[in-house]
Structures are given as C-alpha cells and as structure tokens.
Amino acid sequence: MTSIPKPSVRHPGLPRNALGLTTRDYEGGMSTLCAGCGHDSITAAIIQAVWELDLPPHRAAKLSGIGCSSKTTAYFMRQSHGFNAVHGRMPAVASGVHAANRELVCIGVSGDGDSLSIGLGQLCHAIRRNINLLYVLENNGVYGLTKGQFSASADVGSKSKRGEPNVQPPIDPVLLAITLGATFVARGFSGDKKQLVPILKAGLAHRGFALVDVISPCVTFNDHEASTKSYRFTRGHRHELAPVDFIPLTHEIAAATVPGDPVSVTMHDGSVVRFRSVGEDYDPTDRDAAYAHIRRLQAQGEVVTGLLYIDERAPDMHGVNGTIEEPLTRVPYASLCPGNAALQKLQEEYR
Amino acid sequence: MQPTDVTNPRYYHKVVDCQWGCPAHTNVPEYIRLIAQGRYTESYLLNRASNVFPGILGRTCDRPCEPACRRTRVDGKPVAICRLKRVAADLRDDVSDFLPKVPERKNGKRIALVGAGPASLTVANDLMPLGYECVVFEKLDRPGGLMRTNIPAFRLPASVLDEEVAMIIDMGVDLRLATPVTSMRALLAEDYDAVFVGSGAPKGKELDVPGRWDAKRIHIGIEWLESVHFEHVTSIGERVLIIGVGNTAMDCCRSSRRLGGRDIKVMARRSRKYFKASPWELDDALEEGVEIVENHAPRRFVVENGRLVGMEFERLAWSEKDGKQRSEVIDTVTIPCDDVILAIGQENAFPWIERDIGIAFDDAGMPVVDRVTMQCSRPGVFFGGDAAWGPENIIWAVEHGHQAAISIHNYCQGLPITDRPSYGMNLVSAKVGMHAWRYSNDYSPAPRAAMTHVELTQRFQKLNVEVELGFTAEQTAHEVERCLNCDIQTHFTAPLCIECDACVDVCPVNCLTITTDGPEEDLRTRLSAPALNRTQEIYVSAALPQTQRVMVKDEDVCLHCGLCAERCPTAAWDMREFTVLIPYAGKPASYELRTANPIPSGLSSQLAVRSSQPL
Ligand SMILES: Cc1cc2nc3c(=O)[nH]c(=O)nc-3n(C[C@H](O)[C@H](O)[C@H](O)COP(=O)(O)OP(=O)(O)OC[C@H]3O[C@@H](n4cnc5c(N)ncnc54)[C@H](O)[C@@H]3O)c2cc1C
Ligand SMILES: Cc1ncc(C[n+]2csc(CCOP(=O)(O)OP(=O)(O)O)c2C)c(N)n1
Ligand code: SF4
Ligand code: SF4
Ligand code: SF4
Ligand SMILES: [Mg+2]
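Residues numbered from 1 in each chain as written. Chains lettered and ligands numbered in written order. Predicted model: local features only at pLDDT ≥ 70, side-chain atom pairs only at ≥ 80, totals over all residues. Heavy atoms only, no water.

Colleague: Any details on the overall build of chain A? Residues and values, ideally.
Modeller: Secondary structure summary: chain A contains 13 helices and 13 strands in total. Its C-alpha radius of gyration of 21 Å places chain A within 12% of the 20 Å reference for a compact globule of 351 residues. Here chain A, with 351 residues, has 53% of them falling under the buried criterion. Sequence-distant contacts in chain A: of pairs separated by 6 or more residues, those separated by 24 or more amount to 70%. If you sum the accessible surface of chain A, you get close to 15300 Å²; carbon and sulfur atoms cover 56% of it. Here chain A contributes 34 positive and 34 negative side-chain charges, whose respective centroids are spaced 7 Å apart. (Helix = DSSP H or I, 4+ residues; strand = E, 2+ residues; numbered from the N terminus. Rg over C-alpha atoms; globule rule 2.2 N^0.38 Å. Buried < 20%, exposed > 50% of the residue type's maximum accessible area, 1.4 Å probe, protein only. Contact = heavy atoms within 4.5 Å. Areas by Shrake-Rupley, 256 points an atom, 1.4 Å probe, with all protein chains shown as cover. Lys, Arg positive; Asp, Glu negative; His and termini not counted. Charge placed at Lys NZ, Arg CZ, Asp CG, Glu CD.)

Colleague: So what about the confidence of the model for chain B? Which residues, and what values?
Modeller: Residue and element names in this part refer to chain B. With 96% of its residues at a pLDDT of 70 or more, chain B has an overall mean of 93. Confidence drops under a pLDDT of 50 for residues 591–605, and excluding neighbours within four residues, the segment shows 17 contacts in the predicted structure. Under the prediction, the complex receives an ipTM of 0.92, its pTM being 0.91. (pLDDT = per-residue confidence, 0-100.)

Colleague: Could you give an account of the domain arrangement of chain B, with specific residues and numbers?
Modeller: Residues and elements named next belong to chain B. Partitioning chain B into domains gives domain 1 (1–19 + 421–615), domain 2 (99–202 + 348–413) and domain 3 (204–345). Distance between the C-alpha centres of domain 1 and domain 3: 44 Å. If you look at the interface, domain 1 gives eight residues, while domain 3 gives nine residues. Together domain 1 and domain 3 conceal approximately 760 Å² of surface at their shared face, both sides included; 56% is due to carbon and sulfur atoms. At the boundary of domain 1 with domain 3, the tally comes to two salt bridges. When the shortest N-O distance is used, the salt bridge between Glu-288 and Arg-459 registers 2.8 Å. Of the residues that constitute the side of domain 1 that touches domain 3, the class distribution is four nonpolar, one polar and three charged. (Domains from an automatic or database assignment. Buried area = accessible area lost by both parts, 1.4 Å probe. Salt bridge = Lys/Arg side-chain N within 4 Å of Asp/Glu carboxyl O. Nonpolar A, V, L, I, M, F, W, Y, C, P; charged D, E, K, R; others polar.)

Colleague: Now, about a nonpolar patch on the surface: what can you tell me, with residues and values included?
Modeller: Residues and elements named next belong to chain A. Together, Leu-343, Leu-346 and Tyr-350 make up a nonpolar patch on the protein surface, roughly 350 Å² of accessible area in all. You can see Leu-343 is positioned in helix H13 (residues 340–350). Of the residues examined, Leu-343 reaches a relative accessible area of 43% and is grouped as partly exposed. (Patch = residues over 30% accessible without salt bridge, like charges linked within 9 Å, V, L, I, M, F, W, Y side chains within 5 Å.)

Colleague: Tell me about the site of ligand 3, and please be specific about residues and values.
Modeller: Residues in close proximity to ligand 3 include A:Leu33, A:Cys34, A:Cys37, A:His39, A:Cys68, A:Asn140, A:Gly144, A:Cys218, A:Val219, A:Thr220 and A:Phe221, which together make up its full environment. The class makeup of the residues in the shell around ligand 3 is seven nonpolar, four polar and no charged. (Near = heavy atom within 4 Å.)

Colleague: Just give me the short version of the sheet that holds strand E20 (residues 512–515) of chain B, but keep the residues and values in it.
Modeller: The strands that make up a sheet are held in pairs by hydrogen bonds between backbone atoms, and each pair lies either parallel or antiparallel. Residue and element names in this part refer to chain B. With antiparallel pairing, three strands are arranged side by side in an open sheet as E20-E22-E21. Strands at the two margins of the open sheet, each flanked by one partner only, are E20 and strand E21 (538–540). With direction set aside, neighbouring strand axes in the sheet form an average angle of 20°. Here E20 pairs with strand E22 (residues 550–554) via four bridges, running antiparallel. For Thr-513, the partnering residue across the bridge sits in E22 and is Val-552. (Pairing = 2+ DSSP bridges. Axes fitted to C-alpha atoms, helices over the stretch in contact; angles between N-to-C directions.)

Colleague: Break down the pairing of strand E7 (residues 184–189) of chain A for me, with residues and values.
Modeller: Residues and elements named next belong to chain A. Extensive coverage of E7 is indicated by the burial of six of its six residues. Burial along E7 is two-sided: the residues Phe-184, Ala-186 and Gly-188 and Val-185, Arg-187 and Phe-189 are all buried. When E7 meets strand E8 (residues 209–215), the two strands line up parallel, connected through six bridges. Paired with Gly-188 across the two strands is Val-214, which belongs to E8. As a crossover connection, the stretch from E7 through helix H7 (residues 193–205) into E8 is right-handed. Two elements, E7 and strand E13 (residues 303–310), share four bridges in a ladder whose sense is antiparallel. (Right-handed = clockwise from strand over helix to strand, strands pointing away.)

Colleague: Could you give me a rundown of the coordination of the magnesium ion (ligand 6), with the residues and numbers involved?
Modeller: Think of it this way: four donors in a tetrahedron around the metal ideally sit 109.5 degrees apart, and six in an octahedron ideally sit 90 or 180 degrees apart. Donor atoms from the polypeptide that coordinate the magnesium ion (ligand 6) comprise A:Asp112 (OD), A:Asn140 (OD1) and A:Val142 (O), at 2.1 to 2.2 Å from the metal. Donor residues for the magnesium ion (ligand 6) sit on one chain with the sequence pattern D-x27-N-x1-V. (Donors = N, O, S within 2.8 Å, 3.2 Å for Na, K, Ca; no water.)

Colleague: Tell me about the sheet that holds strand E12 (residues 272–275) of chain A, and name the residues and values.
Modeller: Residue and element names in this part refer to chain A. If you walk across this open sheet you meet the three strands as E10-E12-E11, and the pairing is antiparallel. Strands with a single pairing partner mark the edges of an open sheet, and in this sheet they are strand E10 (244–247) and strand E11 (263–266). Averaged over all adjacent pairs, the angle separating strand axes in this sheet is 15°, with direction ignored. Pairing between E11 and E12: four bridges, direction antiparallel. By the bridge assignment, Val-263 is partnered in E12 with Phe-275. Contacts from H7 reach E10 and E12, with the element oriented near 50° to E10.

Colleague: So what about the pairing of strand E8 (residues 263–267) of chain B? Which residues, and what values?
Modeller: Regular strands show a simple pattern: their side chains alternate between the two faces of the sheet. All names here are of chain B. Of all five residues that make up E8, four are buried, and the element is covered over most of its length. As defined by bridge partners, strand E7 (residues 239–243) adjoins E8 across five bridges and the pair is classed as parallel. Residue Ile-243 lies in a different strand from E8, and its bridge partner there is Met-267. At this point the chain moves from E7, through helix H14 (residues 247–258), to the parallel E8, and the crossover so formed is right-handed. Inspection of the sheet shows E8 paired to strand E9 (residues 291–293) by three bridges, in the parallel sense. When the sheet's bridge partners are listed, Lys-265 is paired in E9 with Glu-291.

Colleague: Outline helix H9 (residues 118–127) of chain B, supporting the account with residue identities and numerical values.
Modeller: Most of H9(B) is tucked away, with ten of its ten residues classed as buried. B:Pro118, B:Ala119, B:Ser120, B:Leu121, B:Thr122, B:Val123, B:Ala124, B:Asn125, B:Asp126 and B:Leu127 are the residues of H9(B) that are buried.

Colleague: An account of the side chain of B:His296 is needed here, citing residue identities and associated values.
Modeller: Residue and element names in this part refer to chain B. Along the chain, the position of His-296 falls in strand E10 (residues 296–304). Among the polar contacts made by the side chain of His-296, one reaches the main-chain carbonyl oxygen of Glu-294 at a distance of 2.8 Å. In contact with His-296, not counting residues within four places along its chain, are Met-267, Ala-268, Arg-269, Phe-313, Glu-314, Arg-315, Val-333 and Ile-335. (Polar contact = N/O pair within 3.5 Å; in protein donor to acceptor, adjacent residues only side chain to side chain.)

Colleague: Explain unusual backbone geometry to me, using residue names and the numbers behind them.
Modeller: All names here are of chain B. The phi angle at Asn-305 is positive, at roughly 50°, despite the residue not being glycine. Structurally, the position occupied by Asn-305 is in the loop between E10 and strand E11 (307–321). Residue Asn-305 is classed as exposed on the basis of its relative accessible area of 84%. At Asp-322, a residue that is not glycine, the phi angle is positive and equals roughly 50°. For Asp-322, the position within the fold is in the loop between E11 and strand E12 (324–336).

Colleague: Please set out the interface of chain B and chain A residue by residue, giving values where relevant.
Modeller: Contacts between chain B and chain A engage 34 residues on the former and 30 residues on the latter. For the chain B and chain A pair, buried surface summed over both sides reaches about 2600 Å², with 54% attributable to carbon and sulfur atoms. The interface formed by chain B and chain A includes three salt bridges. Here B:Asp505 ties to A:Lys193 by a salt bridge, and the two come within 2.8 Å at their closest N and O atoms. Linking chain B with chain A are 13 residue pairs in polar contact (both at pLDDT 80 or more), by the criterion used here. Elements with a minimum of two residues in the side of chain B that touches chain A: helix H7 (70–75), strand E18 (436–437), helix H20 (502–506) and helix H22 (563–567) of chain B.

Written as structure tokens, this is what we have:
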C-alpha cells in the first residue's frame, strides 16, 4: 500500500472537552511536510491547546503566509476560517480579520523566512498595532520550502547542510518583539509540548499580540551536526527560563491561593498565568529587565525559552481605537457606511 | 521498567491477539492475507498446519480467536475469522499433493489410539509422516467422534467431514471401526510403544428429579443427537422442552425443529447474560423460531397414566449480594410438552480403564494428566481432547493432539517428554518502498459481514440442508480488509530515534508516548491515552539517545496502520512481519526457518530467533 490518510477511527477512551469534542475533532488535513518536521509537532501542540481551551473550531481564524510552516494551518481545525496570504503578508490580513470581527480567535502561523525576511515590516507593525493575534513563528533557521537557504534567524557560524557557515548576524524575533513593545513574548521548542502547550494557551487568552517563537528543526535541511537549530543542539543548549502553568478562569480560585507563588499574572478574562519559577533577577513583567536578562543568557550561548515577557495592561488595537464592542461584521451595512450624503456632510465640515 | 525484550517470541506473539487466543496458534492474519490475494489453497494449507481441520472448523469452531480479536476493541465487532477460514476451505484446489508425505519405510514404532475423534486423528496426522504405525480403535462404525455423531449435518455437511478425516486416514492409519476398547489392561498387554486415549466425554448428565423414570420421551441430549445421526430417531413431538442452554441445547432444539417440533422451548435457570451457548448459536436458534425461557428451574416431570404431559418449573428471581448470585422462588408453573431433552452437560466415563494398572484417577473420576506433556501417571499412556480434562471443543482437542504427538515422539526416541522443542520467530521488514508496505495498511471502516442463511422454508425440509451459505466474493473482499494485520509489528530501534514526536502525533489511536521512565503502574497512567486494559502489554524502549526518556507503546488498540513508521524520519519505527515458528512432533521450529521462510541476506538487523521459553 502507498501512503494513507490518518483514519478517522480513534482511541475509545479519548477524553472529551466541554464541547464534547476530542483532540481528533480539532485535526485538519494530512500533513505533506517531511516526516519528522518540527512544524508538525507544533501543529499537534496547537491542537492540544485549543482542545484544552474548549475553543469552538468555527470561531477561529487561521492565518498564514508562505513556507512549510505557513502550510500547517491546513493541518489543524478543518472547520475554522482560514486565509493563506502571500509571502510575509499574513499580519496585514490578520489585521483586517481582527478589525472586521473582533470576536474571532485569530491564530497566525509563520516561519522565520516569512516573518524575518520578506515580512519583517509587516511583523513589526502588527506588534505596534497590538492586534489580538496568537502569532506562532516556526523557526528553523532556513527557508525550508525553497530547499534550505539560510534565513535571517540563522546563527553566525551555523553551517548549512553542505558545510558553508552563515556569516550574517541573526535577527532574534524575541528581542525584536520586546524592543518594539510587544505585550506577550515567548519562546518554545517543538520537541517540548509540556512547555509549549501552556504558552500557546496563555497566548490565546492574551488580549493583544502574542508572539511565540518556536524552535522547530527542519529535519531535511537543518538537522545536521553543525546546525544550531537541530534537535540535538537545541536540547543541548536550551535554558528554560520561565516555565508557566496556564490556569483558566474556572480554576481561578484554587490557583490564586497557591502560597509562595513567584509571579502570577491575571489575564483580562480572569484566567491566570502562573510562573512556576523565575530566576532571582528576572521579572517577566519588567520589560527592560527581561530584555537584559535574555541578552545576558544568550551571550553565554544559551537558547532561552519560556514565557519571557507579559504585559496585560496595554490595550489592543480595538482598545486603542475605541472601536465598539460589537464586531463590525454584525453592524448593519447602513450604519457602517452611512452613505454619500453623510460623507458630503463630513467633508463640508473641513472646507 | 525493564526495556521490553522483543527477541522473545512471546512478546510479539501476544500482540497477534487472534493467534494468541487460538489454542492451536493458527496464523490468522497471514491466512487472511492469502485469502485476500485469492491464494485459497495456500491459505488452507497454512490453516491445516496448525488446526488440521480447516473446513470443519471454518463452520463449527468455538472461535476463541474472535472475542480476542483486536478489531473488537477498535469498533466493537471482531473480524469474521472463522467464516473466512471456510472461504479458504470452500474455494481451495485439490491439496493432496501438498499433504504431509508418509515414508514407505516405517520407524518400527506402533501407537494405539482409542477413539477416532479430532484428538486421536491429530495425533495420527502428526505421527504418520514420521513413520509411525497408528492403530485407531473406534467404538462406532464411522470415524469423526462427536464431530460426526453430535454436530448436526445442517451445521457441518458430512462431505466436509469425510474429506478432512480421510486426509488423515488415507495416510495409512490402521482404522478399526466398531471395535470398542473394553479393557485398558488388555490393550497395554499388546505390543504398542505408546497409547493415546482420545475417547471423549461420552456421557450426558442426568436430571434426577421426580418423575424422571416414570415415562418415556425423556432424552439425554448427546445420546438423542447420536440417534438422530444414525437415523434411529426420525421424529419428535410437536411440543419440546430442552433443559439447559449450552451449545448442545442449541443443536437439540434446532434438530427438533427439523423433526416435527413446532413449539420448542429452551428452558434456562438464569438470565441470558449467563448462557453458555455461543451468542451466534443462540441467534440462529431464535431465527428458527425457538423460544428461550429464562429463570426457570426444573422441579419435576408431570406424568399422567405413564405418559409425559408436561414439566413443572420454579420461576426464579435473581439478585446479587456481596458479589454472589442468589435466587428466590416466585411461583411454580407447569409447561405442557410431548418430549423433554436434557442438555445440561457431559461427563467423562472410563469403565474400560481398570483402576489397578498405574493410571491414577482423581476424586472426580478423572485421570490425572500433565498439562504440558499430556501423559498420565503411567508412562507411555497419554490423554487428550475431552478425555483429558472434560468437555472442551474441537480446536482444544487438536492442540492436545499436537502436544501429545510431541510427547509420544520423544517417548519413543527415549528422550524425556519434558524436553519440549523450542519456539522460534521470524521478523522481516514489510517495507517495499517509500511509504509502501507489503500489506494493506489502510484501515477499512467496513462493518462485519453478516452470514447469509438458507430461507427458513427450505431449511426444515431435510435434516442436512446446510444453513450457512458462506460468504460471497464481495463479502469476503470486505471482510479480509477489516483485519488489522496484527502480525505486522511496530518494531522500534531506540538508538535511531531523534525524539521529533512525529510518530506520537500521527498515531490515530494514541498508542505512543515519549516520557520519563517509571514503574509500569505509574507509566500506564502517564501515556497519551491511559493504558487501562491490563490484559494488553505496554512496550518500553531502551533510553532514547538525546534525552534518556523512553518510547512507550500501549499495544491495546494499535491499528497496525504503519503511520508511525511512515512518519518516522529515521526508520526508528519499522513495520515488520512477525511469524511465530511453532514446533510439531519431529519438526523443530528451525525446520520452517530454513525452508519455508528464508531471511533475505543483507537484512542483518532483522531477527530470526529461536527460543526455548514456552509461549
Ligand atoms: C452436541 C454437541 C455439539 C458440539 N458442537 C461443537 C462445535 O460446534 N464446535 C466445537 O468445536 N466443538 C463442539 N462440540 C464439542 C466437540 O465435539 C468435542 O469437544 C470434540 O469432538 C472432542 O474431541 P475428542 O477427540 O476428544 O473426542 P470425541 O469427538 O468425543 O471422540 C471420541 C471418540 O471415541 C470413541 N470412543 C469412546 N470410547 C471408546 C472406547 N472405549 N473404545 C473405542 N472408541 C471409543 C467415541 O465413539 C468417539 O468416536 C460439540 C459437542 C456436542 C456434544
Ligand atoms: C514573494 C515571494 N518570494 C519568494 C517566495 C519563495 N519562497 C517560498 S517559501 C520561502 C521561504 C519560507 O521560509 P520560512 O518562512 O522560514 O518557512 P519554512 O519553509 O522554513 O517553514 C520563500 C523565499 C515566494 N513564495 N513568494
Ligand atoms: S523541508 Fe524542512 S521545514 Fe519543510 S517540511 Fe521538510 S523538514 Fe519541515
Ligand atoms: S501502527 Fe503506529 S501509528 Fe498505527 S496505530 Fe499502531 S502505533 Fe499508531
Ligand atoms: S518519528 Fe521516529 S525519530 Fe521521531 S520520535 Fe518517533 S521514532 Fe523517534
Ligand atoms: Mg524556516
């Protein structure tokens, strides 16, 4: 037999969430990525996160650009809305989706090429606008889809599969995002769902832009000996800085009474992000301190992971603009677009 | 946990649920694949190697393999393993050229076998090709045992039975019909090198309640069926009560239906949950208009003027207390009838075995027989089939026969009979290309094929109209695809794994987990889906290279779909075809290894193992 699709039969004891769904109900089409690609694990982590959050699949929008990573939105939540934008333009489309229907849960998936090369400007402005979007950056240090050229996240000295070293300094999406004032910045590793799933859940609960950079080895073009984005290298150099538990609203009381909590951050919807442990000189709610700390560890050659920075007070795009609570898609056309007469009247005021 | 040792044939053998559940360890998935390929003759011969009577068993087997079948745990209904066996038997070509060859020159050893049922016949089947001279004594004038005299022809046509019995007899067995053995002492005095007792459990149990001896037309089930077979009985009254609700009762009620019974009631002491009859036999009886009456305990026969007119029962209400079932009598009812058939069980009887010749019997009157060697307390005398430990079924009789033949062969060679030949295994990759396997790995959601039956009106015209029509070509084509190919094993090579999680994520039924090691109890709770089925093993790998965690697989509902192996970038998971090599008398497991299933050279990582551990 040749390759088969994943059969719909499931484990008889698979648990169901509050909507009566199993994780299998949040799946999408069969992945066409290379076997062993980190991106597929991230897809599985997203499925686990949205299942645990009881997210109704039809209330989500999946947005992506171009790349192996960007293809993965087809591999989860087949019932959701989706838009595969042109290369690097996912943030613009996401802004539009979020502007039009603020009730949709927006999940963006991009790659290091899509985000840090062609789409760098788009990423920066999405952060600046603080659109309510979970932005998963599947970071493998290469353009996987176009056969493994170095991307802008490749480290100096990391070698290509054919042995050439990268000479250009990398752009670190985490440091970039903190610099630009992102309100939720995290880094995970595709090979560690225990860490990644709570981060994704917190990112989904966060109101505003949540950047989750996920080191995601490309098995085909960047998993060799001299690569700094391989499974082995990442495992050898990973530093888990700020592990978190995500406690949804329903469990709030129990969570709040845990004694000796180093840091707990209450999200806008009442759920809580609890940091299990953070270093003495580290405060994930202090932007400057977080930046400095990450820089310091990185200079020692460590790949820092965890929920690195969080700011729950900043307003998102709708907050800044004072948009009405009602999604614009539900506002009658006549009120959304008051017509030519109203326009003439408005223009008259400026004459 | 200790890493799982898959070089012991036992581990993978147990994964093949049907084969593990079959007393004779028939290689079910392989024979189903052969049927799928239209290779019926090969499928038949593969069956015959272990179960000896594929045509008979394809119609009548108790099929312990089916409740064991993994498919039951996946979608509720097992693969129709038994009736697929019948497909191979029905559609095969002439197999006479492929049957075991019997040497011209004998080895000089003579074996006496008592009874010509499936147990003795299996012993003869295994020993004749080794040059033994086998003398079978049979009380009746035809061979086959209960398969002949008690299993009705509407379930098992005589032609099928004749052919498969003849395959053995025609090896040159010295069959002495109508020759009951009346004295074991006398038999032992004759010049035999060993004796095998396959005389069955020939006595039906009595129901000694008032009125039992006051009227005719009260029959013992197995005797009555035998009389029907020999046409000593050709009719029965219109109203028939069958006492008991085992498989014998089912054959009695259905035979009554064909001999003139109109109002037939099977009377059960308890509720349906506790019936001994196989569910499919109950269904068949119900389809033929037999009524099954629950919670009625027989009290007495009602006899008027020397004539049986009815039977009195106590109606019971059952309740459970402290895990024990208690009954309470509600009232008493009399059910009128013309005949009563007692089908409440069988007993062994060995009036012909003297008790002072070194053959020990226990308090229940049963011979003391060793579970492994089948030898009784007198060296050189072996028991098997229903004669060994009471009524079982054909497939157990066959397995006893195989084991007894091994013992007899050892005994005649002067080897200790406790020296059992070792089992072996082959394990060869099923990969034939990129994402291509040499088996059909796609999961078929088809429901279990339902057997078509002859119209009721035609069914009762004669006693020997076979009820089941067998599967059609279309049904067969669907049913073979329902088999999950459990012998195509997921084989793991820990040093190759890069812990990418691809296999864990793709598995449709959450079999796989990469986690930190721990004791089994604890591990079972920490898996992708908790491993609650304790009858199924969990596989635990050696420590993985990058994190020293372990790969754990819960075997419970694995579909053997191969997706883990397809998704694995390093071939740490591979799908490998496993064959357990079973030794028979004079045929060690390695015999097959060398001839039938050579390991391709260059596949050094692939395993061929012999193991002396019992399965
Ligand atoms: C009504 C009924 C229906 C059954 N249906 C099924 C079924 O569908 N499927 C299934 O798997 N099993 C079925 N069984 C059980 C099955 O038939 C027996 O378990 C099986 O035949 C036992 O085989 P055996 O070789 O041990 O003995 P038997 O088949 O009982 O054969 C023993 C033979 O020994 C002969 N014999 C006995 N004493 C002497 C003596 N002193 N000298 C010479 N010969 C002697 C007997 O005449 C008989 O031919 C059924 C049993 C009954 C009663
Ligand atoms: C406008 C445009 N320019 C270039 C390309 C070619 N292209 C396709 S994917 C890709 C890079 C994708 O890299 P990344 O986002 O890291 O995804 P990956 O495949 O590594 O997951 C490029 C340059 C394109 N499709 N469109
Ligand atoms: S090329 Fe690399 S990034 Fe693309 S699917 Fe294959 S492993 Fe994943
Ligand atoms: S063969 Fe592999 S993927 Fe398929 S069910 Fe079994 S463990 Fe899962
Ligand atoms: S797919 Fe292969 S390499 Fe990846 S975790 Fe599974 S066994 Fe290991
Ligand atoms: Mg990339």
